[in-house]
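Okay, here's what each chain looks like letter by letter:
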Amino acid sequence: MGNWIINHGLSAFILVVWMGINIFLFVYYYLFYDQGPQFEYTRELLGSALPWARAPAAVLNFNCMLILLPVCRNLLSLLRGSFICCGRTMRKQLDKNLTFHKLVAYMIALMTAVHTVAHLLNAEWYTNSFQGQYGPLAGNLSMLDDSSELKTTYLNPTPTLLVFTTIAGLTGVVITLALILMITSSMEVIRRSYYEVFWYTHHLFIIFFAGLVFHGLTDFNCLNPLLQTWMWVIGPMIIYLCERLLRFIRYMQPVSYRKIVIRPSKVLELQLVKPGFKMAVGQYVFLNCPAISQLEWHPFTMTSAPEEDFFSVHIRSVGDWTEDLIKMVENLPEGGQGPKMAVDGPFGTASEDVFDYEVSMLVGAGIGVTPFASILKSIWYKFKDSDPKLRTKRIYFYWLCRETYAFEWFADLLQVLEKEMEERGMRDFLTYKLYLTGWDQSHVNHAMVHFDKDTDIITGLKQKTSYGRPNWDKEFEQVRQENPSSVVGTFLCGPQALAKDLEKKCVKYSDVDPRKTKFYFNKENF
């Protein structure tokens with residue numbers, strides 16, 4: 001329990017506070033409409049459907065206020081810089097922005113379903129009241145008109161003819177359809193295989209928020225101004241508008257190519273130069289290629305170091321956008337410049353904190369090695385310049401790849417670091433292990449024939465490549481024994497299944513005693 005509190009305590013507290021506010025809003029407004037004397041006759045008409053419609057509306061207002069904030073990346077980067085004095089635990093919460101964004105979206109979907117069903121019941125029960133099925137009082141009340149000069153009855157909040165004949169009804173249908181399309185297209189299988197579908201349908205949020213504001217502007221909400229939706233969402237909408245304005249300004253700034261390299265396994269390396277561009281290790285940028293699409297922006301982790309006079313990204317061929325970009329580059333004439341590229345960023349990630357730990361474990365899977373390439377390059381520059389600010393005493397680097405070609409991306413960088421550490425007598429500073437997860441018997445036979453060579457047959461490094469996957473219990477135990485009183489930062493850029501495994505190991509091998517080893521888990525999120 002102590003280890004769990006160390007790694008997840010603050011996240012759980014924030015989640016409890018968020019859920020508590022949702023429950024409070026629902027209960028408060030349910031009782032407000034269920035027991036308020038001003039709604040006595042309305043309840044005679046509609047029964048309990050009225051509070052069941054209005055309580056979810058209050059929860060929806062609160063969550064629609066929150067939904068945009070986790071994707072305001074410039075705001076998050078600003079907060080990350082402001083939280084330096086608050087410790088790594090506070091900054092780690094910013095790395096879970098997309099997880100919180102999804103939780104809020106799920107709550108919006110749930111409350112929308114309850115709100116919609118309740119209003120459908122409102123329409124049915126009002127019709128029954130009009131037909132006299134609920135007694136003479138309900139029948140007489142249903143015939144009163146809410147369009148009088150004073151507008152003080154508020155008896156018939158549901159449309160008197162059909163749900164689809166009022167602004168509230170029409171906008172409700174529109175925003176519900178937009179929400180359904182956004183949620184369904186955000187499923188993992190669609191987002192991974194058809195990113196363009198996810199990207200374009202997610203921009204229905206513009207229609208969603210516009211319809212939401214008009215949907216909430218009803219006379220019935222005047223009884224309680226806090227149910228006026230625009231009061232909840234105007235602030236986040238302005239912040240997000242500023243985000244988009246800043247993206248447009250960056251879109252107009254010129255970007256030039258320093259170098260273009262086609263790596264093995266159809267991996268494209270772009271070295272770019274942009275005036276005034278400053279980065280930190282592990283950060284990422286959004287790229288836009290107008291020749292492919294003027295609207296699509298895709299995130300890529302930078303593989304260059306802050307000490308270099310350019311920034312680079314490695315782009316693997318996955319999906320239509322990356323395939324089109326690689327084809328365009330492959331068809332360039334000799335010495336030709338690449339297509340126009342717009343850059344938004346850089347944005348902060350968990351890897352920025354790598355040098356705040358005495359010991360760091362870096363785990364990359366496939367192209368997920370990119371943020372750690374930036375870190376390893378920066379380490380090389382810091383050693384070269386004898387940087388006195390370097391606090392890190394030891395780094396463990398694990399790279400998992402399915403194919404041998406992938407190791408060629410950064411094998412030369414590891415060779416340089418390997419040589420640098422030997423010359424400085426610091427062989428223990430960098431411990432790296434490479435794992436080939438996609439192999440067959442021919443690979444093993446080839447390795448057995450050349451097992452007596454000083455260097456690895458795949459990478460040319462002195463550290464031999466292992467076949468299969470790491471035994472993480474063994475690795476964490478080794479790190480704990482070699483660093484008995486250190487704070488170890490575990491950083492991952494890879495699949496969710498591996499993230500769950502490593503997160504459990506961090507909890508398992510952390511010691512509650514502050515004088516002993518602690519593991520803090522950090523994962524890249526885009």
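Quick note: structure is the one above.
All of these numbers come straight from a predicted model, not from anything done at the bench.

Enquirer: So what exactly am I meant to see when it comes to the overall build of the protein here?
Expert: For the protein, the helix and strand inventory stands at 18 helices and twelve strands. A total of 526 residues make up the protein; the buried ones form 48% of that total. Carbon together with sulfur atoms contributes 62% to the accessible area of the protein, which is approximately 26,000 Å² in total.

Enquirer: Please clarify how the sheet that holds strand β5 (residues 311-316) should be interpreted in this entry.
Expert: Strand pairing in a sheet relies on backbone hydrogen bonds. The paired strands run either parallel or antiparallel. Strand order across the open sheet formed by three strands is β1-β2-β5, with antiparallel pairing between neighbours. Where the open sheet ends on each side, the last strands, each with one partner, are β1 (256-263) and β5. Averaged over all pairs of adjacent strands, the angle between strand axes in this sheet comes to 20°, irrespective of strand direction. Where strand β2 (residues 267-273) and β5 come together, six bridges link them in antiparallel fashion. Across the sheet, residue E269 finds its bridge partner in β5, namely H314.

Enquirer: Looking at this structure, how should I read the nonpolar core?
Expert: The nonpolar side chains of a soluble globular protein tend to be buried, and buried together. The biggest cluster of nonpolar side chains holds 35 residues, and the ones touching the most others in it are C64, I108, F208, F209, L212 and V233. Taken together, the elements giving at least two residues each to this core come down to α1 (2-35), α3 (49-66), α6 (97-130), α8 (167-185), α11 (205-216) and α12 (229-252). For C64, the residues in contact, after removing those within four places along its chain, are I108, F208, F209, L212 and V233. F383, C401, L430 and Y520 belong to the second-largest nonpolar core, a separate cluster that totals 29 residues.

Enquirer: How do you make sense of a nonpolar patch on the surface when you look at a structure like this?
Expert: A contiguous nonpolar patch, built from I167, F214, L217, W230, M231, I234 and I238 and spanning about 710 Å² of accessible area, is present on the exposed surface. In terms of residue count, α12 provides more of the nonpolar patch than any other element does, four residues in total. On the secondary structure map, L217 appears in the loop between α11 and α12.

Enquirer: What should I look at first to understand the packing of aromatic side chains in this one?
Expert: If you walk through the whole model with that rule in mind, you get 26 aromatic pairs. Ring plane angle 70° and centroid distance 6.5 Å describe the contact between W472 and F476, whose orientation is recorded as edge-to-face. Of this pair, W472 and F476 both sit in helix α17 (residues 472-482), four residues apart, roughly one helical turn. With relative accessibility at 6%, the residue W472 sits in the buried group. Note on F476: relative accessible area 0%, which makes it buried. Among the aromatic residues, those joined into a ring-pair cluster are F24, Y28, Y29, F32 and Y33. Sitting over the face of the ring of F286, R247 holds its NZ or CZ atom 5.0 Å from the ring centroid. In this arrangement the basic side chain of R247 is found over the ring face of W297, its NZ or CZ atom lying 4.6 Å from the centre.

Enquirer: Explanation requested: the sheet that holds strand β3 (residues 284-288) in the structure shown.
Expert: Sheet architecture is open: three strands sit in the order β4-β3-β6, paired in antiparallel fashion. Looking along the sheet, the strands with just one partner apiece sit at the ends: β4 (298-301) and β6 (342-347). Across the sheet, the mean angle separating the axes of adjacent strands is 30° when strand polarity is ignored. In this structure, β3 lies alongside β6, joined through four bridges in antiparallel fashion. Considered in β6, the bridge of Y284 is made with F347. This element, α12, spans β3 and β6 of the sheet and lies at about 125° to β6.

Rules used in this analysis
- Residues numbered from 1 in each chain as written.
- Predicted model: local features only at pLDDT ≥ 70, side-chain atom pairs only at ≥ 80, totals over all residues.
- Heavy atoms only, no water.
- Helix = DSSP H or I, 4+ residues; strand = E, 2+ residues; numbered from the N terminus.
- Buried < 20%, exposed > 50% of the residue type's maximum accessible area, 1.4 Å probe, protein only.
- Areas by Shrake-Rupley, 256 points an atom, 1.4 Å probe, with all protein chains shown as cover.
- Pairing = 2+ DSSP bridges.
- Axes fitted to C-alpha atoms, helices over the stretch in contact; angles between N-to-C directions.
- Core = buried A, V, L, I, M, F, W, Y, C linked by side-chain atoms within 4.5 Å.
- Contact = heavy atoms within 4.5 Å.
- Patch = residues over 30% accessible without salt bridge, like charges linked within 9 Å, V, L, I, M, F, W, Y side chains within 5 Å.
- Salt bridge = Lys/Arg side-chain N within 4 Å of Asp/Glu carboxyl O.
- Phe/Tyr/Trp six-rings, centres within 6.5 Å; stacked < 30°, edge-to-face > 60°.
- Lys NZ or Arg CZ within 6 Å of the ring centre and 35° of its normal.

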